[in-house]
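In case you want the letters, here they are:
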Amino acid sequence: MTLRHLDGHVFSFDAGALCLELLLTGGPGPVAARYEVLDRVEGLLDWVRDCRLAPAGLARELAVTPDELAAVRETRDALWRLGLARAAGGALAPEDLAVVNAAAALPPLVTRIAPDGTRAWAPGATGTGLLGTVARDAVELFTGPYAGRIRVCGAENCALLFADTSRPGRRRWCSMERCGNRHKVRAHRARTTRPPEPGA
């Protein structure tokens, strides 16, 4: 996804999973709350347009009620807490697992083969179906091969969560364009501005 930081910087970010992309809509706590968009249905639809759900065009067909929006927001906040716990190697809170598991039990969005032979969304897409789809993705992530690779960006002033799906499994940054390059610049400055050794 293409992200725009509050400082105006635009960069590419791969969260590694649909459920972690949902965290880009805001969340609990003062840092994530600055990015909150799930206080309105259009905010969720904007996210649908940008996320990895394919084929495109789902946002045009998706009907979301206020109650569904609230459920998506509750599940997103639970995913934040679960992701942070997993990244820190801590225990997953039963109440957050219950929220995600209840959402995963909902019927997901349905795809079909369109008359032209392409993949399309079946009519009647709802916020409930979207929630079920995202929550099932979370179950796959948290129980699958990348469960131990859920990480927080290594930059001290960045809180983005991602699943490291790289082959070597050594990803540290949300984006090399942003946090990775900033780290390299700081490290270079530290090396080149080091004071001379005594007696040199």
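It should be emphasised that the depicted structure is a prediction, and the values quoted were computed from it without experimental measurement.

Here's the deal with the overall build of the protein
Here is step 1: For the protein, the count of helices and strands is eight helices and six strands.
Here is step 2: For the protein, the α and β elements follow one another from N to C terminus as β-β-α-α-α-α-α-α-β-β-α-β-β-α.
Here is step 3: The contacts in the protein between residues at least 6 apart in sequence include a share of 57% that link residues at least 24 apart.

Overview of the packing of aromatic side chains
Here is step 1: Scanning the entire structure with this criterion turns up zero aromatic pairs.
Here is step 2: A cation over a ring is seen here: Arg 119 above Trp 121, with NZ or CZ 5.7 Å from the ring centre.
Here is step 3: Positioned above the aromatic ring of Phe 162 is the side chain of Arg 171, whose terminal nitrogen or guanidinium carbon lies 3.9 Å from the ring centre.

So, unusual backbone geometry
Here is step 1: Ala 54 connects to Pro 55 through a cis peptide bond whose omega is 5°.
Here is step 2: With respect to the secondary-structure elements, Pro 55 resides in the loop between α3 (41-50) and α4 (58-61).

Notes on the pattern of salt bridges
Here is step 1: Per the counting criterion, the structure on display carries nine salt bridges.
Here is step 2: Of the charged contacts, one joins Arg 52 and Asp 14 as a salt bridge, the two residues approaching to 2.8 Å between their closest N and O atoms. With a gap of 38 residues between them, Arg 52 in the loop between α3 and α4 and Asp 14 in the loop between β2 (10-12) and α1 (18-21) connect regions that are remote in the sequence.
Here is step 3: With its nearest N and O atoms 3.5 Å apart, the salt bridge here joins Glu 36 to Arg 73. Taken together, the positions of Glu 36 in the loop between α2 (29-33) and α3 and Arg 73 in helix α5 (residues 66-87) put the pair 37 residues apart, joining distant regions of the chain.
Here is step 4: Look at Glu 36 and you get buried, because its relative accessible area is 17%.
Here is step 5: Among the ionic contacts, a cluster of salt bridges with common partners joins Glu 36, Arg 73, Arg 76 and Asp 77.

Quick notes on the nonpolar core
Here is step 1: Counting 56 residues, the largest nonpolar core has Phe 13, Trp 47, Leu 62, Leu 79 and Leu 130 as the members making the most contacts within it.
Here is step 2: Contributing elements (two or more residues each) for this core: α1, α3, α4, α5, α6 (94-104), α7 (127-143) and β6 (161-163).
Here is step 3: The residues contacting Leu 62, other than those within four sequence positions of it, are Leu 45, Val 48, Leu 109, Ala 125, Thr 126, Gly 127 and Leu 130.

What about the environment of Ser 166?
Here is step 1: Looking at where Ser 166 falls in the secondary structure, it is placed in the loop between β6 and α8 (176-192).
Here is step 2: Classification of Ser 166 by relative accessible area gives partly exposed; the value is 26%.
Here is step 3: Taking the C-alpha atoms as reference points, Ser 166 and Gly 16, 150 residues apart in sequence, are found 9.2 Å from one another.
Here is step 4: Ignoring any residue separated from it by four or fewer positions in sequence, one finds Ser 166 in contact with Arg 149 and Arg 171.
Here is step 5: For Ser 166, the side chain forms a polar contact with the side chain of Asp 164, separated by 2.6 Å.

Section: the side chain of Asp 164
Here is step 1: Locating Asp 164 in the fold gives a position in the loop between β6 and α8.
Here is step 2: Separated by 3.1 Å, the side chain of Asp 164 and the backbone nitrogen of Arg 170 make a polar contact.
Here is step 3: Excluding its chain neighbours within four sequence positions, the residues that come into contact with Asp 164 are Tyr 146, Arg 149, Arg 151, Gly 169, Arg 170 and Arg 171.

Re the layout of surface pockets
Here is step 1: Put simply, the largest pocket is a space of about 850 Å³.
Here is step 2: Counting only elements with at least two residues in the lining of the largest pocket, the list comes to β1 (2-4), β2, α2, α3, α5 and α8.
Here is step 3: Considered class by class, the residues forming the lining of the largest pocket number 21 nonpolar, seven polar and eight charged.

Regarding α7
Here is step 1: Between the first and last C-alpha of α7 there are 24 Å, a value that for 17 residues agrees with the 24 Å anticipated at 1.5 Å per step.
Here is step 2: On the buried face of α7, the contacting elements are α1, α3, α5, α6, β5 (150-152) and β6.

A few points about the packing of α6 against α7
Describing two packed helices takes the angle between their axes plus the distance from one axis to the other.
Here is step 1: Interhelical geometry of α6 versus α7 gives an angle of 125° and a closest axis separation of 7 Å. The angle between α6 and α7 places the two elements in the oblique class. For the pair α6 and α7, the sense of crossing is left-handed. Seen from α6, the contacting residues are Val 100, Asn 101, Ala 103 and Ala 104; seen from α7, they are Leu 131, Gly 132, Ala 135, Arg 136, Ala 138 and Val 139.

Here is what the cut-offs are and how they apply
- Residues numbered from 1 in each chain as written.
- Predicted model: local features only at pLDDT ≥ 70, side-chain atom pairs only at ≥ 80, totals over all residues.
- Heavy atoms only, no water.
- Helix = DSSP H or I, 4+ residues; strand = E, 2+ residues; numbered from the N terminus.
- Contact = heavy atoms within 4.5 Å.
- Phe/Tyr/Trp six-rings, centres within 6.5 Å; stacked < 30°, edge-to-face > 60°.
- Lys NZ or Arg CZ within 6 Å of the ring centre and 35° of its normal.
- Salt bridge = Lys/Arg side-chain N within 4 Å of Asp/Glu carboxyl O.
- Buried < 20%, exposed > 50% of the residue type's maximum accessible area, 1.4 Å probe, protein only.
- Core = buried A, V, L, I, M, F, W, Y, C linked by side-chain atoms within 4.5 Å.
- Polar contact = N/O pair within 3.5 Å; in protein donor to acceptor, adjacent residues only side chain to side chain.
- 1 Å grid on protein atoms, 1.4 Å probe; cavity = no way out; pocket = protein on both sides within 12 Å on 5 of 7 lines; lining within 4 Å.
- Points joined across faces, edges and corners; volume = space filled by probe spheres on them.
- Nonpolar A, V, L, I, M, F, W, Y, C, P; charged D, E, K, R; others polar.
- Expected span 1.5 Å × (residues − 1).
- Axes fitted to C-alpha atoms, helices over the stretch in contact; angles between N-to-C directions.
- Parallel < 35°, antiparallel > 145°, perpendicular 65-115°, else oblique.
- Left-handed = near helix turned anticlockwise from the far one by under 90°.

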